[in-house]
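# Overview (structure and organization)
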Amino acid sequence: MTSPHWFIIVITVVFLMVWFAASMTSPMMFAAPGAMQHKGNIMLVLSVVHSPIVVFSFFWLMQWTFLGMHPGWVLGFLSSVIIIGSYKVGYYELIMPMLKGSL
């Protein structure tokens, strides 16, 4: 296992702080009338909420550690939290009408 440059770690930590704020406020994107029928909003929210999975997949592929932790553990924990949270909020219920073309 190699460790990435300190700059990559700092950028990742800053990204996680911004991601947390964005994911906490993401349900507000659907508060406006007609916002739940806009495909762009749904895809934007899902891509923002699921972005740490992509980041830590890259860490895992590069065999880098993240603050001394194996990225597989971080990826597994974040994936389960993100998927369960998205299911509980109801984001996945918005995908099915979009895929069927009823939006």
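Scoring rules and cut-offs
- Residues numbered from 1 in each chain as written.
- Predicted model: local features only at pLDDT ≥ 70, side-chain atom pairs only at ≥ 80, totals over all residues.
- Heavy atoms only, no water.
- Core = buried A, V, L, I, M, F, W, Y, C linked by side-chain atoms within 4.5 Å.
- Buried < 20%, exposed > 50% of the residue type's maximum accessible area, 1.4 Å probe, protein only.
- Contact = heavy atoms within 4.5 Å.
- Helix = DSSP H or I, 4+ residues; strand = E, 2+ residues; numbered from the N terminus.
- Arc of directions from axis to C-beta.
- Phe/Tyr/Trp six-rings, centres within 6.5 Å; stacked < 30°, edge-to-face > 60°.

Membership of the largest hydrophobic core comes to 21 residues, with the highest contact counts inside it found for Phe 30, Ile 42, Phe 56, Phe 59, Phe 66, Ile 82 and Tyr 91. Excluding residues within four positions of it along the chain, Phe 56 makes contact with Thr 12, Leu 16, Phe 66, Pro 71, Val 74, Leu 75 and Leu 78.

Looking now at helix 5 (residues 91–100). Owing to its 3.6 residues per turn, the α-helix brings residues three or four apart onto one side. The complete set of buried residues in helix 5 reads Tyr 91, Leu 94, Ile 95 and Met 98. The buried residues of helix 5 occupy an angular sector of 105 degrees when the element is viewed end-on, so they sit on one face. Across helix 5 from its buried face, at more than 90 degrees, point the exposed residues Glu 93 and Lys 100. Considering only its buried residues, helix 5 is in contact with helix 2 (39–49) and helix 4 (71–89).

Below, the discussion takes up the packing of aromatic side chains. Tallied over the full model, the rule gives six aromatic pairs. Consider the rings of Trp 6 and Phe 7, whose centres lie 6.0 Å apart with planes at 85 degrees: the pair is edge-to-face. Taking the relative accessible area as the measure of exposure, Trp 6 reaches 57% and is therefore exposed. Judged by relative accessible area, Phe 7 falls into the partly exposed class, the value being 45%. The interplanar angle of 40 degrees and the centroid separation of 5.6 Å between the aromatic rings of Phe 56 and Phe 59 together place this pair among those described as tilted. In this pair, Phe 56 and Phe 59 are both assigned in helix 3 (residues 51–61), three residues apart and thus about one turn of the helix distant. Overall, the relative accessible area of 1% leaves Phe 56 in the buried class. An aromatic cluster is present here, built from Phe 56, Phe 58, Phe 59, Trp 64 and Phe 66 joined pairwise through their rings.

Take it as geometry only, folks, not as evidence of what the structure does.
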